[in-house]
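Observations on the three-dimensional arrangement
As a plain string of letters, each chain reads:
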Amino acid sequence: MSVPQIRLKVDGFRAVATANIIIDGITVVAGENGSGKSTVSKLLYYLFKTACNYDVLVANELRNDLDEIFIFLSIAVSELYAVDDSEIRNELREQLHNLKNQKQVSQEQMERWRHFIAQVQQTYMATADKNDKRYSRLKRRWVYILKDILREDSKETQNADIESDSVLFAKIEELLESHFKTAMGKVNARPASLFETALSGVFPEGILPGHLEVQEYDEPIYSKDKSSLSIPFSIQNVIYTDTPMVIGKDGTEVDYWNDLNELLRKKSRPPFSNLSQIISKDVIKGDVSIDESPSGRAFLYKRADGMTFDLQDCATGIKSFAILQLLLNNGELNDKTLLIIDEPEVHLHPQWIVEYARIIVMLNKHLGVKFFIASHDPDFVGAIRYISEKEGNLDKVNYYLADKSTKDYMYNYQHLGVDIDPIFKSFNRALERIDLYGA
Amino acid sequence: MEHSFRYAEKITSDNIVVKDLPACLVDFDTIISTNDSNNNVALPQFVNGETVVDLDAIEAHKAQQDGRNRNKSMDLMFAVEGDNEQHLVLVELKLNYLDVRRNLRQDDLEEKVEGSVLVLQNNIAVYPTFYFIFANHLIEQAINKLSRFYPDPKVRQTRKTATIEELKTLFFGY
């Protein structure tokens, strides 16, 4: 029996009583509403998002931490240089913005910031030396700002003689160094706390799973006993979609929606795969692309007869396939991708549900894309099963059924292998309801 | 699924179609074996020597007698009695299916029902529910598929999927 690429184990978290889930190709979970399927989706998404983008996330954190220093230096630059020094002032502003926009966590980057602070300090000291009238005004205000940045209620800050000119800038430099060293430490050590912090922002009650472990080839990449988060190999990018309605909606409060839209906007890279052409010719009878005009932000659907529409105005079912086509065309779907999809069947006619399942099987077969899919639909569940069998990749398919636990409102995830009859048994309860209410 | 009808061996073996074609009376296990080329059902199932009527054989014989083409028919029938009534239960075996998605068609099922009812006219009343028997590992998918053919729950009451075990419990007292 081969070792699975990825295994997620979680116990006693939200609606999940026990789950031991393999992702080795296509994993499909079925179960009642409220059985924890989206919880599992989110655990997977945030784990791999953190693990695969650790350095970038730390760099973003550092950038946020440097915000107040940036604002202080912006104030310093705008107030230190008089109107007739506007050329120098603009050059310094540009330097400062470049510093802020560079997402590097490194000694070199820290030195660049220190050099900038030294430049500003030099000008400030020259102002004091000249007995410039601006000096006392600037200094008074800056001391207050600095105390605020350093959190003036700390004893250390109260005792420090910030009033002294040399201490003023030394404190800024100290703070800068502290942020950089923390960030560099995180990049080296990869503490798992970064993932745990992300999770605590996702689940409203802020409670984290008591037991959670994610393994790659049976070795933990994350567990509560492990202080660091390993770099995964078999998954290097993760995408999560729970509704096609989100396409083109930027700046939402849901970060995996924003992440998805950012990916969808990446430039497409021809030549396009056969699978993209199958979507165009066999299903949506058209192509989806990004409006590449300078002011364009829209996604476009060009129908086979040449008519072009804003994708926002198109049927939601077309948007479902549009997401797959855009990701295919811009190269985001490959053998290191985990694509997490909640309820792909929503908004799709039964015929298109089967077409969607077919595309998923082909993406796994030909590109090695890995899937974690939650579904309520008999046609989708059956189509994945039988199309995979016909295409010869049934050995990569795993089904799970969320079954009621003895604990109220909690579910055990049963591994079914490729036996989908138990899932149909749960679906058939709907027929019993029709017989009850309608016979 | 509660009812009072039970398999009636004598009424089955004394049926007029059997008198006309004695070879149509076969062991239930034999007809299962013939229809289960993939060995999805472990035998023996009917350990009391229960016999049933091979409806395909009856239809073939009748068609020859009438000089016509064969109609489709269900696989077997057996008599039941209860509540002072007698009925003929018609059963179609789908035991050799590897999946229910292919080859299971509503028009095919309905033609078999119709052909069977026709060949048994002037006989004991046909039981109002027709049974389609699938292997255990496909039964839920079969229920789901047949629900697509018969979305009306009242109609679904007359066309039921079941496993061999369920049929045994329903009519044979196992």
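Please refer to the structure placed before this passage.
None of these values were measured; they are calculated from a predicted model.

Quick notes on the overall build of chain B
When helices and strands are tallied, chain B shows 8 helices and 7 strands. For chain B, whose C-alpha radius of gyration is 15 Å, the value lies close to the compact-globule estimate of 16 Å for 174 residues. C-alpha atoms of chain B, sized along the principal axes, occupy 40 × 35 × 35 Å. Considering chain B as a whole, with its 174 residues, one finds that 52% of them fall into the buried category. In chain B, of all internal contacts separated by at least 6 residues, the share reaching a separation of at least 24 is 72%. In chain B, the 19 positive side-chain charges and the 27 negative ones have mean positions that sit 6 Å from each other.

Side note on the nonpolar core
Residues and elements named next belong to chain A. Among the nonpolar cores identified, the biggest contains 88 residues, and Ile-26, Leu-311, Ile-360, Leu-363, Phe-371, Ile-384 and Tyr-399 are the most heavily contacted of them. Ignoring sequence-local partners within four residues, the contact set of Leu-363 consists of Leu-275, Leu-324, Leu-328, Leu-333, Gly-368, Val-369 and Phe-371. Counting residues in hydrophobic clusters, the runner-up holds 78 residues, among them Val-10, Phe-13, Ile-23 and Tyr-256.

Notes on the pattern of salt bridges
If the charged atoms of two oppositely charged side chains come close together, the side chains can form a pair. Here the structure, examined in full by the defined rule, presents 33 salt bridges over all chains. Here Glu-332 of chain A makes a salt bridge to Lys-266 of chain A, at a shortest N to O gap of 3.1 Å. Of this pair, Glu-332 of chain A sits in the loop between α12 (316-329) and β10 (337-342) while Lys-266 of chain A sits in the loop between α10 (255-264) and α11 (274-284), and the two are 66 residues apart along the sequence. Here Glu-332 of chain A falls in the buried class, since its relative accessible area comes to 10%. Shared partners join several salt bridges into a network, and the residues in it are Lys-72, Glu-92, Lys-94, Asp-108, Glu-111 and Lys-112 of chain B.

A look at the pairing of strand β13 (residues 411-417) of chain A
All names here are of chain A. Pairing geometry for strand β2 (residues 16-23) and β13, over 2 bridges, is parallel. Among the inter-strand pairings, Thr-18 is bridged to a residue of β13, identified as Asn-412. With 6 bridges connecting them, strand β12 (residues 397-404) and β13 associate as antiparallel partners. Looking at β13, one finds that Lys-404 is bridged to Tyr-411.

Some words on the interface of chain B and chain A
At the junction of the two partners, chain B supplies 17 residues and chain A supplies 16 residues. Buried surface at the junction of chain B and chain A, both sides included, amounts to about 1400 Å², of which 47% is carbon and sulfur. Its largest share of buried area at the contact with chain A, chain B owes to Arg-101, Glu-140 and Gln-141 of chain B, together 39% of the area lost on that side. On the surface where chain B and chain A come into contact, there are 2 salt bridges. We note a salt bridge from Arg-148 of chain B to Asp-379 of chain A, for which the minimum N-O separation is 2.9 Å. The tally of links between chain B and chain A comes to 8 residue pairs in polar contact (both at pLDDT 80 or more). Counting residues per element, the ones that place at least two in the side of chain B that touches chain A are α6 (139-149) and α7 (153-156) of chain B. Per-element tally for the side of chain B that touches chain A: the top contributor is α6 of chain B, with 7 residues. Tallied by class, residues from the side of chain B that touches chain A come to 5 nonpolar, 6 polar and 6 charged.

Section: the sheet that holds strand β9 (residues 308-310) of chain A
Residues and elements named next belong to chain A. Taken in spatial order, the 3 strands make up an open sheet running β7-β8-β9, and their pairing is antiparallel. What marks the edges here is a single partner per strand, and that holds for β7 (286-290) and β9. If you compare each strand with its neighbour and ignore which way they point, the axes differ by 25 degrees on average. When strand β8 (residues 299-303) meets β9, the two strands line up antiparallel, connected through 3 bridges.

Quick word on the side chain of Thr-129 of chain B
All names here are of chain B. Mapping Thr-129 onto the fold places it in the loop between α5 (106-119) and β6 (130-134). A relative accessible area of 11% places Thr-129 in the buried class. At 3.2 Å, the side chain of Thr-129 forms a polar contact with the backbone oxygen of Gln-157. With residues near it in sequence (within four places) discarded, Thr-129 still touches Gln-157, Thr-158, Arg-159 and Lys-160.

Basis of the calculations
- Residues numbered from 1 in each chain as written.
- Chains lettered and ligands numbered in written order.
- Predicted model: local features only at pLDDT ≥ 70, side-chain atom pairs only at ≥ 80, totals over all residues.
- Heavy atoms only, no water.
- Helix = DSSP H or I, 4+ residues; strand = E, 2+ residues; numbered from the N terminus.
- Rg over C-alpha atoms; globule rule 2.2 N^0.38 Å.
- Buried < 20%, exposed > 50% of the residue type's maximum accessible area, 1.4 Å probe, protein only.
- Contact = heavy atoms within 4.5 Å.
- Lys, Arg positive; Asp, Glu negative; His and termini not counted.
- Charge placed at Lys NZ, Arg CZ, Asp CG, Glu CD.
- Core = buried A, V, L, I, M, F, W, Y, C linked by side-chain atoms within 4.5 Å.
- Salt bridge = Lys/Arg side-chain N within 4 Å of Asp/Glu carboxyl O.
- Pairing = 2+ DSSP bridges.
- Buried area = accessible area lost by both parts, 1.4 Å probe.
- Polar contact = N/O pair within 3.5 Å; in protein donor to acceptor, adjacent residues only side chain to side chain.
- Nonpolar A, V, L, I, M, F, W, Y, C, P; charged D, E, K, R; others polar.
- Axes fitted to C-alpha atoms, helices over the stretch in contact; angles between N-to-C directions.

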